[in-house]
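# What the coordinates show
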Amino acid sequence: QVQLVESGGGLVQAGGSLRLSCVASGLTFSSYFMGWFRQAPGKEREFVASISWSGGITYYADFVKGRFTISRDNAKNTVYLQMNSLKPEDTAVYYCAARRSPRPKDDYDYWGQGTQVTVSS
């Protein structure tokens, strides 16, 4: 049974930082692209960042470039999202996801339950 468990969310003031973690189990972690998505109240889920199997390739949504960094530790089956210079508009539930396919447009296979990030002004 595949599980993705996010942690690290919370309440932070604008300009602050948080680091999200997602621990995967039940899959060969190093064989999966990993991604972070977010969904704000009343909005559709949107892509935030993704990282390739070895971590050598990363993609970011334009609205987080220069502020967020995705990384992974295959020895720990964990993917991270370091979020700096947070803004109130970053408030959302953040989800990690795993994708077996290397093609960016393909669907993700597994999803976590999400962790709430709230940025106060």
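Everything that follows concerns the structure shown earlier in this document.
Below or above, wherever it landed, is the structure these notes cover. (Residues numbered from 1 in each chain as written. Predicted model: local features only at pLDDT ≥ 70, side-chain atom pairs only at ≥ 80, totals over all residues. Heavy atoms only, no water.)

## Considering the state of the cysteines
The following threshold applies: Disulfide: a pair of cysteine sulfur atoms within 2.5 Å of each other. The way it works is that DSSP assigns letters per residue, a run of H or I at least four long becomes a helix, a run of E at least two long becomes a strand, and they are numbered from the N terminus. Under the scheme applied here, a residue whose accessible area is under 20% of the maximum for its type counts as buried, over 50% as exposed, and between as partly exposed, the area being computed with a 1.4 Å probe on protein chains only.
One pass over the structure, following the stated rule, counts 1 disulfide. Two residues, cysteine 22 and cysteine 96, share a disulfide whose sulfurs are 1.9 Å apart. Taken together, the residues cysteine 22 in strand β3 (residues 18-25) and cysteine 96 in strand β9 (residues 92-99) connect sequence positions 74 residues apart. There is no split in this pair, since cysteine 22 and cysteine 96 are both buried.

## Thoughts on the nonpolar core
In summary, soluble globular proteins display a tendency toward joint burial of nonpolar side chains. How we decide: Nine residue types can take part in a nonpolar core, namely buried Ala, Val, Leu, Ile, Met, Phe, Trp, Tyr and Cys, and a core is a set of them joined through side-chain atoms within 4.5 Å.
Among the nonpolar cores identified, the biggest contains 29 residues, and Trp36, Val79, Leu81, Met83 and Tyr94 are the most heavily contacted of them. Of all the elements in the fold, those that place two or more residues in this core are β3, β4 (33-39), β5 (46-51), β7 (68-73), β8 (78-83), β9 and β11 (115-120).

## Regarding the environment of glutamine 113
Cut-off, in case you're wondering: Working rule for contacts: check all heavy atoms of both residues, and any pair within 4.5 Å makes them a contact.
With respect to the helices and strands, the residue glutamine 113 is situated in the loop between β10 (110-111) and β11. On the basis of relative accessibility, which here comes to 71%, the residue glutamine 113 falls in the exposed class. In this structure, the C-alpha to C-alpha distance between glutamine 113 and arginine 19, residues 94 residues apart in sequence, is 17 Å. Among residues more than four places away in sequence, those in contact with glutamine 113 are Leu4, Glu6 and Tyr95.

## Side note on the packing of aromatic side chains
Put simply, the rule reads: Between rings of Phe, Tyr and Trp, where Trp is taken as its six-membered ring, a pair exists when centres lie within 6.5 Å; planes separated by under 30 degrees are stacked, by over 60 edge-to-face, and by other angles tilted. Whether a charge lies above a ring is judged from NZ of Lys or CZ of Arg, which has to be within 6 Å of the ring centre and within 35 degrees of the ring normal.
Summed over the entire model, instances satisfying the criterion amount to 6 aromatic pairs. Between phenylalanine 37 and phenylalanine 47 the ring centres are 5.7 Å apart and the planes differ by 75°, which places this aromatic pair in the edge-to-face class. Placement of the pair is phenylalanine 37 in strand β4 and phenylalanine 47 in strand β5, with a sequence separation of 10 residues. Accessibility expressed as a relative area gives 10% for phenylalanine 37, which makes it buried. One aromatic cluster is present, formed by Phe37, Phe47, Tyr108 and Trp111 through successive ring pairs. Sitting over the ring of tryptophan 111, arginine 45 keeps its end group 3.7 Å from the ring centre.

Read these as geometric descriptors, not functional statements.
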